[in-house]
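Observations on the three-dimensional arrangement
As a plain string of letters, each chain reads:
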Amino acid sequence: MIKRAGEHASRRAQVAPFRAMAVLAAANARAAAGNDVLHLEVGEPGGALPPPVVAAIAESLGTERLGYTEALGLPALREAIGTLYGDWYGTAVPAERIAVTVGASGAFLLALLVAFDAGDRIAIAEPGYPAYKTMLRALDLAPVTVLTEPGGGFQPTLAELALAAPLQGLILASPANPTGTVLGAAELDRLVAACRSAGIRILMDEIYHGLVFGKEQVTLANRAPEAIVINSFSKYFGLTGWRVGWLVLPAELVEPVERLAQNLFISPPAPAQHAALAALAHKELFEERRATYAANWQRLARGLEAAGVGADAIVRADGAFYLYADVSAFTTNAAELCTTMLEETGVAATPGIDFDAERGHRFVRFSVAGSPEDVARAADKLSAWLPAQRRNRRD
Ligand SMILES: Cc1ncc(COP(=O)(O)O)c(C=O)c1O
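On a predicted model such as this, the values are computed, not experimentally measured, just so you know.

The immediate surroundings of the ligand are formed by 13 residues, with Gly 103, Ala 104, Ser 105, Ser 232 and Ser 234 found nearest. Here the element with the most residues in the shell around the ligand is helix H4 (residues 103-115); it accounts for 3 residues. For the shell around the ligand, the class distribution of residues is 4 nonpolar, 8 polar and 1 charged.

Pairing within the open sheet is mixed, and its 7 strands lie in the order E2-E8-E7-E6-E5-E3-E4. Unpaired on one side and paired on the other, strand E2 (98-101) and strand E4 (142-147) mark the two borders of the sheet. Across the sheet, the axes of successive neighbouring strands diverge by a mean angle of 25 degrees, strand direction being ignored. Alignment of E2 against strand E8 (residues 245-248), held across 4 bridges, turns out to be antiparallel. Bridged to Ala 99 within E8 is Leu 247.

This part covers the packing of helix H3 (residues 75-89) against helix H9 (residues 270-281). Relative to each other, H3 and H9 sit at 35 degrees, their axes nearing to 10 Å. Our pair here, H3 against H9, has a crossing hand that is left-handed. Together, Ala 76, Leu 77, Ala 80 and Leu 84 of H3 and Gln 273, Ala 276, Leu 277 and Leu 280 of H9 make up the contact between the two elements. Here the residues of the contact of H3 with H9 are counted per class, giving 7 nonpolar, 1 polar and no charged.

Once that is clear, we can look at the sheet that holds strand E12 (residues 363-367). In space, the 3 strands of this open sheet follow the order E9-E12-E11, with antiparallel pairing throughout. For this open sheet the edge positions go to strand E9 (322-326) and strand E11 (350-351), each flanked by a neighbour on one side alone. For E11 and E12, the ladder comprises 2 bridges, and the chain directions are antiparallel. Bridge pairing in E12 links Thr 350 to Arg 365.

Glancing now at helix H1 (residues 19-32). Compared with an ideal rise of 1.5 Å per residue, which puts 14 residues at 20 Å, H1 spans 20 Å between its outermost C-alpha atoms and is within 8% of the ideal. What H1 keeps buried is the set Ala 20, Val 23 and Ala 27. For H1, the arc enclosing every buried residue in end-on projection is 60 degrees, short of the 170-degree limit, so these residues lie on one face. Opposite its buried face, H1 presents the exposed residues Ala 25, Ala 29 and Ala 32, each directed more than 90 degrees away. Buried residues along H1 sit against strand E1 (38-39), helix H11 (334-345), strand E10 (347-348) and E11. Positive backbone phi, approximately 90 degrees, marks Gly 34, located one or two places after H1.

For the rest of this paragraph, the subject is H11. The end-to-end C-alpha distance of H11, which contains 12 residues, comes to 15 Å, matching closely the 16 Å that a straight helix rising 1.5 Å per residue would cover. Listed in full, the buried residues belonging to H11 are Ala 334, Leu 337, Cys 338, Met 341 and Leu 342. The arc that holds every buried residue of H11, seen down its axis, measures 135 degrees, which confines them to one face. Across from the buried face of H11, at angles greater than 90 degrees, the exposed residues are Glu 343 and Glu 344.

Moving on: the pairing of E12. Remark: a regular strand shows side chains that alternate across the two faces of the sheet. For E12, the buried fraction is high: 5 of the 5 residues fall into the buried class. Both faces of E12 are covered, namely the face carrying Phe 363, Arg 365 and Ser 367 and the face carrying Val 364 and Phe 366. Bridge count for E9 against E12 is 5 bridges, and the pairing is antiparallel. For Leu 323, the partnering residue across the bridge sits in E12 and is Phe 366.

Mapping Asp 36 onto the fold places it in the loop between H1 and E1. We classify Asp 36 as exposed; it has 11 C-beta atoms within 10 Å. The sequence separation of Asp 36 and Val 347 amounts to 311 residues, and the corresponding C-alpha distance is 8.7 Å.

What counts and what doesn't
- Think of each chain on its own: its residues are numbered from 1, step by step along the sequence as written.
- Totals for whole chains, interfaces and linings use all residues, but because this is a predicted model, local features are given only for residues with pLDDT of at least 70 and pairs of side-chain atoms are given and counted only at 80 or more.
- Residues are counted as near a molecule or strand when the C-beta atom, derived from backbone positions, lies within 6 Å of that molecule or strand.
- A helix here means a DSSP run of H or I that spans at least four residues, while a strand means a run of E at least two residues long, and both kinds are numbered starting from the N terminus.
- Put simply, Ala, Val, Leu, Ile, Met, Phe, Trp, Tyr, Cys and Pro go in the nonpolar bin, Asp, Glu, Lys and Arg in the charged bin, and everything else, Gly too, in the polar bin.
- In this analysis, strands are considered paired if DSSP registers two or more bridges between them.
- For helices, the axis comes from a line fit to the C-alpha atoms of the stretch in contact; other axes are also lines fit to C-alpha atoms, and the angle between any two N-to-C directions lies between 0 and 180 degrees.
- Left-handed is the label given to a crossing in which the near helix is rotated counterclockwise from the far helix by less than a right angle, and right-handed is the label when the rotation is clockwise.
- Think of it this way: build a C-beta for each residue from its backbone, and any pair within 7 Å is a contact.
- What a helix is expected to span follows from its residue count: subtract one and scale by 1.5 Å.
- Once C-beta atoms are placed from the backbone, each residue is buried if 20 or more other C-beta atoms lie within 10 Å of its own, exposed if 12 or fewer, and partly exposed for counts between those two.
- The arc in question is formed by the directions pointing from the helix axis toward the C-beta atoms.

Structural data, given as structure tokens:
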């Protein structure tokens, strides 16, 4: 039935916008007007691709047909992703369990469709990546938010999960966005065992793997073969705009995912798959970024601490490229603080309300994926500017 006037879009389409994109638009407008802007709002690596990767991509443009590929992706790419698991974690994953997708976003769409039915209850950690909730709602699944605590690195605990029961699914993210915290092997094993006995399917977002600097990097790909693992070339490899990611699937879900992928996407974009192959062939060229992000994180934390942000107000990240800070000593409205900060210092950051509907008004997420120079300048600007905000704080 066509929607009545005033009801242009479906109920499924009533999802919240990404506030980070509004900050990005405001920051871009400021930059276009000739102002100095430091982009700590966007969750993507800056900088150009390493030249050998660019050369390999260019070669593929001249030599490959670049038409549709198989729905699950180029066999060579599935094979190369499987090998990456051997390199990173010691056990390769058979190419047959891998599906190449349109980014982690496309991977999530397929994973949610293949694993759940309308109405199923899926637990997600709050704070968390905002699209989990919106994707679940758009698919008529029921997001069940688990209010995680700073003591557990804002990762869900068994006790918190028990409160969310009954559940059909659980989305985990390690390292997580916006906190950068990592689930260790023991914590993961406990969660996997509990979910196994309760019949809860785990979807594990490993998009920030390769960027773990504080802890061991643990994948569920071989540890819990019933889990669905989501990953992407967007973060470690910095191929955000190419839109290529992947799933590691339980064997019995491969063929159903193939049918869904054929019908929803036909295939992932061929040029992007060749870019991903080129990136994998030169993966050592991306290694130094991890140390840069870790150093950027430390530099910004020092700047914030110098401004009077307590050490315990900064969530200790073990990976990714985010610093999530409680700024309630400076404001009762972090979104307002972000707007004023952009206007007065040129530093763009994302208000926590994007990630946590209940407590996000106290938090700001800074991305440290930019250059060390930019992060250092932002840290200096904030250590000079933030203290005055404490005096302006309205209660
Ligand atoms: C935790 C998390 N998962 C998934 C995505 C989506 O990534 P992709 O670019 O691969 O679609 C992002 C992007 O920022 C993210 O932060």
